[in-house]
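For reference, the chains in residue letters:
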Amino acid sequence: KTAYEIKECDWSSDVCSSDLAENKTRINLTDGHEIAEVIKLREVNATDGQILEILQQDQKWLAETERLIDGLDSNSLADLLEGRIDRGSAQELIKIEDIEVREQVRTMANEAASETCERKIDRIKRKMDKSMDDVELAEGEVTFASSQEDLDDANNNLSRAKATVRNLAKTAEETRPVAKAKDIKKAAR
């Protein structure tokens, strides 16, 4: 039986606040998530105070965020909101006034971030292959354990090896290309 709480609230900021709180418990929010929340809150006429309370940020953060929202071109803002660039990258991009140059720099930085991500995933896959070998060895130890002590040790080794595989798989799944400020600066040169 599932219990639901029905709560009466002001559609504007209360709903956005509840939505954000729910998302924070399910996923790690990125800079883009918080900036998207500012956009959503501004659309429902939330005050600075409401936004700061909901997002647990300070006035300086809000002013910088609104400068990014207003100053970025649509492609750069979309990359920020979707997590392809981070906040530092966005701050570097906003310094580039020529939109065509900004687009080229952003594209180059995204390509560099993709290459870095591919190398990281390759390293994770190599570690996972080794860990899968460790699982097979531990399974063999379990099969051929000659005493309860040996069996306990083998089961512990098997549990550790399986945990390592799960952690590496999760890391690989969460690894995404994200252009950093250093990527933007390098591409701008």
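Anything mentioned here points back to the structure above.
Source: prediction; values computed, not measured. (Residues numbered from 1 in each chain as written. Predicted model: local features only at pLDDT ≥ 70, side-chain atom pairs only at ≥ 80, totals over all residues. Heavy atoms only, no water.)

1. What to know about the overall build of the protein chain
Step number 1: The number of helices and strands found in the protein chain is nine helices and zero strands.
Step number 2: Beginning at the N terminus, the succession of helices and strands in the protein chain can be written as α-α-α-α-α-α-α-α-α.
Step number 3: Within the span of the protein chain, comprising 189 residues, buried residues form 31% of the whole.
Step number 4: By sequence separation, contacts in the protein chain at least 24 residues apart represent 63% of the contacts at least 6 residues apart.
Step number 5: Within the structure as shown, the protein chain displays about 12600 Å² of accessible surface, and the carbon and sulfur contribution to it stands at 48%. (Helix = DSSP H or I, 4+ residues; strand = E, 2+ residues; numbered from the N terminus. Buried < 20%, exposed > 50% of the residue type's maximum accessible area, 1.4 Å probe, protein only. Contact = heavy atoms within 4.5 Å. Areas by Shrake-Rupley, 256 points an atom, 1.4 Å probe, with all protein chains shown as cover.)

2. What to know about helix α3 (residues 48–55)
Step number 1: Those residues of α3 not exposed but buried are I51, L52, I54 and L55. Within α3, the buried residues cover an arc of 165° as seen down the axis, which keeps them to one side.
Step number 2: A positive backbone phi angle near 55° is found at Q56, which sits one or two residues after α3. (Arc of directions from axis to C-beta.)

3. Here we look at the environment of R42
Step number 1: Within the secondary structure layout, R42 lies in helix α2 (residues 31–43).
Step number 2: Apart from the residues lying within four places of it in its own chain, the contact partners of R42 are T47, D48, I51, L62 and E66.

4. Some points on the nonpolar core
Side chains that are nonpolar tend, in soluble globular proteins, to be buried together.
Step number 1: By size, the foremost hydrophobic cluster in this structure holds 26 residues, and its most contacted members are V38, I51, L68, L72, L80 and L93.
Step number 2: Put simply, the parts of the chain that give this core at least two residues each are α2, α3, α4 (59–71), α5 (74–81), α6 (87–93), α7 (99–143) and α9 (181–188).
Step number 3: With five residues, the next largest nonpolar core counts V135, A138, L158 and V165 among its residues. (Core = buried A, V, L, I, M, F, W, Y, C linked by side-chain atoms within 4.5 Å.)

5. Structural notes on the packing of α2 against α4
Step number 1: The contact between α2 and α4 brings their axes to 10 Å, and the two run at 85°. Relative to α4, the element α2 is oriented roughly perpendicular. In this structure, α2 contributes E34, I35, V38, I39 and R42 to the contact, and α4 contributes W61, L62, T65, E66, L68 and I69.
Step number 2: Among the residues making up the contact of α2 with α4, the classes are represented as seven nonpolar, one polar and three charged. (Axes fitted to C-alpha atoms, helices over the stretch in contact; angles between N-to-C directions. Parallel < 35°, antiparallel > 145°, perpendicular 65-115°, else oblique. Nonpolar A, V, L, I, M, F, W, Y, C, P; charged D, E, K, R; others polar.)

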